[in-house]
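Topology and contacts: notes
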Amino acid sequence: DLHPGNSAVNFVEVGFKYPGKKSAEELFLKDFSLKIKENERVGLVGPSGGGKTTITKLLLRFLNVQEGVVTIGEQNISKVTQKSLRETVSYVPQEPLLFHRSLFENIAYGKENATEEDVVRASKLARADEFISVLPEGYQTLVGERGVKLSGGQRQRIAIARAILKNAPILVLDEATSSLDSESEKHIQEGLWELMKDKTALVIAHRLSTIKHLDRIIVLDKGKIVQDGTHDELIKKRGLYATLWSHQTGEFIAE
């Protein structure tokens, strides 16, 4: 079992290639190293195909490294049970999976033996209680297959409430706000900041406003780290991050 002394995450000279790639030259990640301190909140950005999702999948062991190691608190995650690894990491995906059960059951899924008080508290922190409390059936409302009766923003808030309830020391957010309108994103951002308190967080985002205030931003391109720093530092360096930022803020139109 995984019994980390802390929640620091460390990728050490990791090599990974997708199935079908045979030669060492075809490694997607090669000698990839990244240290994330305990309780550090780190954003992963970069063009599509840069390696952001691959890195999170390796941490969650949806994929396994072929070279090097990934550690949590000094423990090699390839040597521990997946059950104990998943208990240590909360994962909020771009498309959260909801079950055709009640809202209460969907949130309580994050923690075994969760009480009603636990679920309501997590919902309030995730700004989900706002819409649940006005439904005729409240927390007993059935969400439909895959949450079809809820909007995208509402589904995301349920996923965030579930992660808050789980309260794992490591948090992975994979494009948690990408499909939302600005108003929904604003509500969810507040829930996300609550969720990231006192946790080691890895946040993937195409929408850079989502990760602007994190402790550190890692810019990836073609499986390599090309920039590493805070938002302000990276803007001053005028590299790939500054280019992506200017495109999103509309400066490129003026040029």
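Residues numbered from 1 in each chain as written. Predicted model: local features only at pLDDT ≥ 70, side-chain atom pairs only at ≥ 80, totals over all residues. Heavy atoms only, no water.

A word on the sheet that holds strand β7 (residues 170-174)
The strand order across the open sheet built from six strands is β6-β7-β8-β3-β9-β10, with neighbouring strands paired in mixed fashion. Each end of this open sheet is capped by a strand with a single partner; those strands are β6 (89-92) and β10 (224-229). Neighbour-to-neighbour, the strand axes of the sheet open up by a mean angle of 20 degrees, direction not taken into account. The sheet contact formed by strand β3 (residues 41-45) and strand β9 (residues 216-221) spans four bridges and is parallel. From the neighbouring strand, valine 42 faces β9, where its bridge partner is arginine 216. (Pairing = 2+ DSSP bridges. Helix = DSSP H or I, 4+ residues; strand = E, 2+ residues; numbered from the N terminus. Axes fitted to C-alpha atoms, helices over the stretch in contact; angles between N-to-C directions.)

Structural notes on helix α4 (residues 116-125)
Of the residues making up α4, those classed as buried are Val119, Ala122, Ser123 and Leu125. For α4, the arc enclosing every buried residue in end-on projection is 160 degrees, short of the 170-degree limit, so these residues lie on one face. Pointing more than 90 degrees away from the buried face of α4 are the exposed residues Glu116, Glu117, Arg121 and Lys124. (Buried < 20%, exposed > 50% of the residue type's maximum accessible area, 1.4 Å probe, protein only. Arc of directions from axis to C-beta.)

Describing the sheet that holds strand β4 (residues 67-72)
Taking strand neighbours across the sheet as the criterion, the four strands line up as β2-β1-β4-β5 in an open arrangement whose pairing is antiparallel. The two strands at the open ends of the sheet, each matched to only one other strand, are β2 (29-36) and β5 (75-76). The sheet contacts of helix α1 (residues 52-60) involve β1 (9-16), β2 and β4, and relative to β1 the element is tilted by about 110 degrees. (Contact = heavy atoms within 4.5 Å.)

Here's the deal with the packing of α4 against helix α6 (residues 152-166)
For the pair α4 and α6, the least separation of the axes is 8 Å and the interaxial angle reads 125 degrees. Here α4 lies oblique to α6, going by the angle between them. Every pair of crossing elements has a handedness; the one defined by α4 and α6 is right-handed. Side by side, α4 and α6 meet where Asp118, Val119, Ala122, Ser123 and Leu125 of the first sit next to Ala161, Ile164 and Leu165 of the second. (Parallel < 35°, antiparallel > 145°, perpendicular 65-115°, else oblique. Left-handed = near helix turned anticlockwise from the far one by under 90°.)

Description of the pairing of β10
Relative to β10, β9 runs antiparallel, the two sharing five bridges. Pairing of valine 219 across the sheet is with glutamine 227, part of β10. Joining the antiparallel neighbours β9 and β10 is a turn of two residues, in which lysine 222 adopts a positive phi near 55 degrees.

Description of the packing of aromatic side chains
The description of an aromatic ring pair rests on the distance of the ring centres and on the angle between the ring planes. A complete count under the given rule lists five aromatic pairs for this structure. Centre to centre, the rings of phenylalanine 11 and phenylalanine 32 are 5.9 Å apart; their planes meet at 85 degrees, and the pair counts as edge-to-face. With a gap of 21 residues between them, phenylalanine 11 in strand β1 and phenylalanine 32 in strand β2 connect regions that are remote in the sequence. Relative accessible area serves as the criterion here: at 1%, phenylalanine 11 is assigned to the buried category. Taking 4.8 Å as the distance between ring centres and 80 degrees as the angle between the ring planes, the aromatic pair formed by phenylalanine 16 and tyrosine 18 counts as edge-to-face. Take tyrosine 18: its relative accessible area is 33%, and that puts it in the partly exposed class. Aromatic rings pair up to connect Phe16, Tyr18 and Phe28 into one cluster. (Phe/Tyr/Trp six-rings, centres within 6.5 Å; stacked < 30°, edge-to-face > 60°.)

A word on a nonpolar patch on the surface
A contiguous nonpolar patch, built from Leu97, Phe99 and Tyr109 and spanning about 310 Å² of accessible area, is present on the exposed surface. Its location among the elements puts phenylalanine 99 in the loop between β6 and α3 (103-108). Since its relative accessible area comes to 32%, phenylalanine 99 is described here as partly exposed. (Patch = residues over 30% accessible without salt bridge, like charges linked within 9 Å, V, L, I, M, F, W, Y side chains within 5 Å. Areas by Shrake-Rupley, 256 points an atom, 1.4 Å probe, with all protein chains shown as cover. Salt bridge = Lys/Arg side-chain N within 4 Å of Asp/Glu carboxyl O.)

Brief notes about the pairing of strand β8 (residues 200-204)
Buried residues dominate β8, accounting for five of its five residues. Both faces of β8 are covered, namely the face carrying Thr200, Leu202 and Ile204 and the face carrying Ala201 and Val203. Where β3 meets β8, four bridges bridge the pair, whose relative direction is parallel. Following the sheet pairing, leucine 44 is matched in β8 by isoleucine 204. As paired elements, β7 and β8 share five bridges and run parallel to each other. Residue isoleucine 170 lies in a different strand from β8, and its bridge partner there is threonine 200.

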